[in-house]
Amino acid sequence: MKKFLELITDELKKAFDEAGFPSEKVVASVSNRPDLCEYQCNGAMALAKEAHKAPLDIAQAVVEVLKKNPVFEEADAVKPGFINLKVKGDFLTDYVNGMAENEKFGLEPAENPMMVMVDYGGANVAKPLHIGHLRAAIIGESIKRICKYVGHDTLGDVHLGDWGLQMGQVIAELKLRGMTDFTVSDLEEIYPTASKKCKTESETYDPAFAEEAHRITNELQYGNEEYRKIWEKILEVSKADLKKNYDNLEVFFELWKGESDVQPYIPDMIQKLKDDGLARESQGAWVIDVTEDSDKKELPPCIVVKSDGSSLYATTDLATLVEREKLYQPDYIIYVVDKRQSLHLEQVFRVSKKAGIVHEGEKLFHLGFGTMNGKDGQPYKTRSGGVMRLESLINEVNEAVLEKMKDNPDIDREEAEKTSKIIALAALKYGDLSNQATKDYIFDISRFIEFEGNTGPYILYTIVRIKSILNKAGVAPSGKVFFTGTKSEKDLMMELSRFNDVIETVYNELAPHKLCAYIYDLANAFNGFYHEVKILSEEDATKKDSYLGLLKLTKEVLEQCIDLLGFAAPERM
Ligand code: ARG
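Residues numbered from 1 in each chain as written. Predicted model: local features only at pLDDT ≥ 70, side-chain atom pairs only at ≥ 80, totals over all residues. Heavy atoms only, no water.

*Asks:* Explain the overall build of the protein chain to me, please; I cannot follow it from the model alone.
*Replies:* In terms of regular secondary structure, the protein chain is built from 20 helices and 13 strands. With respect to the principal axes defined by its C-alpha atoms, the protein chain has extents near 85 × 65 × 40 Å. Counting only contacts in the protein chain whose residues sit at least 6 apart along the sequence, the fraction spanning at least 24 positions is 72%. Entry remark: accessible area of the protein chain is about 26900 Å², with carbon and sulfur atoms responsible for 50%. (Helix = DSSP H or I, 4+ residues; strand = E, 2+ residues; numbered from the N terminus. Contact = heavy atoms within 4.5 Å. Areas by Shrake-Rupley, 256 points an atom, 1.4 Å probe, with all protein chains shown as cover.)

*Asks:* What is the right way to look at the sheet that holds strand S1 (residues 29–30) in this model?
*Replies:* The strands that make up a sheet pair up through hydrogen bonds in the backbone, lying either parallel or antiparallel. Across the sheet, which stays open at both edges, the 4 strands sit in the order S1-S2-S4-S3 with antiparallel pairing between neighbours. Both outer strands of the open sheet, S1 and strand S3 (72–78), are each paired with one neighbouring strand and no more. Summarising the sheet, S3 and strand S4 (residues 82–87) pair through 6 bridges and their orientation is antiparallel. Each residue of the ladder has a partner; that of Phe 72, found in S4, is Val 87. (Pairing = 2+ DSSP bridges.)

*Asks:* Whenever I open this one, the site of the ligand confuses me. Can you help?
*Replies:* Neighbouring the ligand are the residues Asp 119, Gly 122, Asn 124, His 133, His 159, Tyr 313, Asp 317, Tyr 335, Val 337 and Gln 341. The separation between a nitrogen atom of the ligand and a polar side-chain atom of Asp 119 is 3.0 Å. A distance of 2.8 Å separates a nitrogen atom of the ligand from a polar atom in the backbone of Gly 122. When the ligand is considered free in solution it has 350 Å² of accessible area, and contact with the protein chains removes 85% of it. For the shell around the ligand, the elements supplying multiple residues, two or more each, are helix H11 (313–327) and strand S10 (332–338). (Near = heavy atom within 4 Å. Polar contact = N/O pair within 3.5 Å; in protein donor to acceptor, adjacent residues only side chain to side chain.)

*Asks:* Help me out: how do you make sense of the nonpolar core in this one?
*Replies:* A general feature of soluble globular proteins is that nonpolar side chains tend to end up buried together. With 157 residues, the main nonpolar core has Ile 8, Phe 16, Ile 234, Leu 393, Phe 443 and Val 557 as its most contacted residues. Here this core takes 11 residues from helix H20 (residues 541–565), the largest share from any one element. Beyond its immediate chain neighbours, meaning those up to four positions away, Val 557 contacts Met 99, Phe 105, Leu 496, Phe 499, Tyr 518 and Leu 522. Residues Tyr 265, Leu 273, Cys 302 and Leu 318 belong to the second largest nonpolar core, which totals 32 residues. (Core = buried A, V, L, I, M, F, W, Y, C linked by side-chain atoms within 4.5 Å. Buried < 20%, exposed > 50% of the residue type's maximum accessible area, 1.4 Å probe, protein only.)

*Asks:* Help me understand the pattern of salt bridges, please; the structure alone is not making it clear to me.
*Replies:* Pairs may arise between side chains of opposite charge once their charged atoms sit close together. A full pass over the atoms with the stated rule returns 48 salt bridges. Note that Asp 10 and Lys 2 form a salt bridge whose closest N and O atoms lie 2.6 Å from each other. Overall, Lys 2 belongs to the partly exposed group, its relative accessible area being 44%. Between Lys 467 and Glu 571 there is a salt bridge; the shortest N-O distance is 3.0 Å. Linking Lys 467 in helix H16 (residues 456–473) with Glu 571 in the segment after H20, this pair joins segments that are 104 residues apart in sequence. Beyond isolated ion pairs, a larger network of salt bridges with shared partners links Glu 141, Lys 144, Arg 145, Glu 254 and Asp 563. (Salt bridge = Lys/Arg side-chain N within 4 Å of Asp/Glu carboxyl O.)

*Asks:* Is there a simple way to think about the sheet that holds strand S7 (residues 279–282) in this case?
*Replies:* In space, the 3 strands of this open sheet follow the order S7-S8-S9, with antiparallel pairing throughout. What marks the edges here is a single partner per strand, and that holds for S7 and strand S9 (302–305). For this sheet the average axis-to-axis angle between neighbouring strands, irrespective of direction, equals 45°. Two elements, S7 and strand S8 (residues 285–288), share 4 bridges in a ladder whose sense is antiparallel. Pairing of Glu 281 across the sheet is with Trp 286, part of S8. (Axes fitted to C-alpha atoms, helices over the stretch in contact; angles between N-to-C directions.)

This is the structure we're talking about:
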């Protein structure tokens, strides 16, 4: 379906033509003064110069034509040359009825479907999932769902950090303790202990241990059987736990690949970089220059081999692109990664293009996100000041919601526990996604779990309210909506009609926060309607059927939107 604003723009263009003015640049927009009009057009202002006429005269001439147009209820020319419009309710209901019959509520499928990969896990094996990885998971899952909904093929890759020095450190500690069997909880204690022993600035710094960890890492990478076995065990234990955590977040990866998977590609890739003359030697290391003429700041060269011959983060990311090209031929890869890694990714992108690792026209994009801070503006910590484990954080939110639900006498303990998890997830995800991804934001549980205001629970509450009305009505609405003349009914339909336009923007800009803003507006418009109109007690059966039809569509659109954000609504709350 065409976008609603396009339909209005078409009518405006016809009117400009008929009034004798050029119409190419004419567009309609949603009014920024809803007290005066619903839609507006500023086209007359832009034309004044070339038409040698006052903008108001142009606007008036166009309005004369518009007044005969059955699409508009009102058309006014106002100073200095705006055209203010109100559409006929029937024109809007035609559109809304079309949406209800359309599979994607009027959203046209992508013209050129692409293979889109989203790289959005980044958790590190042997380290517990902590909140630093929460944003990647929440934002990435939503981005992937949005790409899929607009019609692309999608693959989400967890891209585990399973090959770095942390592996050697953990193995060294396990050997020291003579441990062959261990659980995630063991690893959770072992990793920080081992890691501290390797840090020069730490109290427990142990140079001999640090060297041993280095040696083990190296031997592991060169295929030592013994270390390989321990490494596999760590991976197994760790992955199972990560998977459980991601499942609880309703974050699902199609690919459970890790940095280790791409090691086999590295030797050939490095050889080729050298043969092609792209990599040059620098103090024993191999580097690739990535500066471009248009750079404002100088970009340091990308190091692909360290002076001791080992590979680094950039090497692994490049080899990952080699593998992705070989196995999946993606057209577009979106990296949902902390924005502090932007230099690293920019270097990787540039090398991969220069070296022809990615194919012509392939898009690589870093969606960099900001930090999740506590109310004090500092990175979110536990009460004792440590790094917050994701599991504890989720439990904290669950508890807070459960506490709130205790007030509802209709819901027993068992249902409350189930429902509070659903609400908590919505609170957590909406609290994150409603902020522009690139910005830091304040993680404020008590605000996120409010049932009123711009929160996840408010959106869920709105959906639950609609479900309850539809249930009480007893009969399914016919689905045909007509305009009964109420202002709030029209406001609701106007919000609904924006759906395809919003989704397109959200996809183009990879901006889930704009989807949140939309559903907040839509939920408010619904609640305005709900408070103004008596729905269930309406005596006129056709009117009531139309109201219920509008509710059904509102519910479906809201449910679709929250699914794109990565959560769902309960039956009751
Ligand atoms: N494991 C990395 C970290 O914890 C994040 C990985 C992001 N993805 C990537 N392809 N570099 O910092």
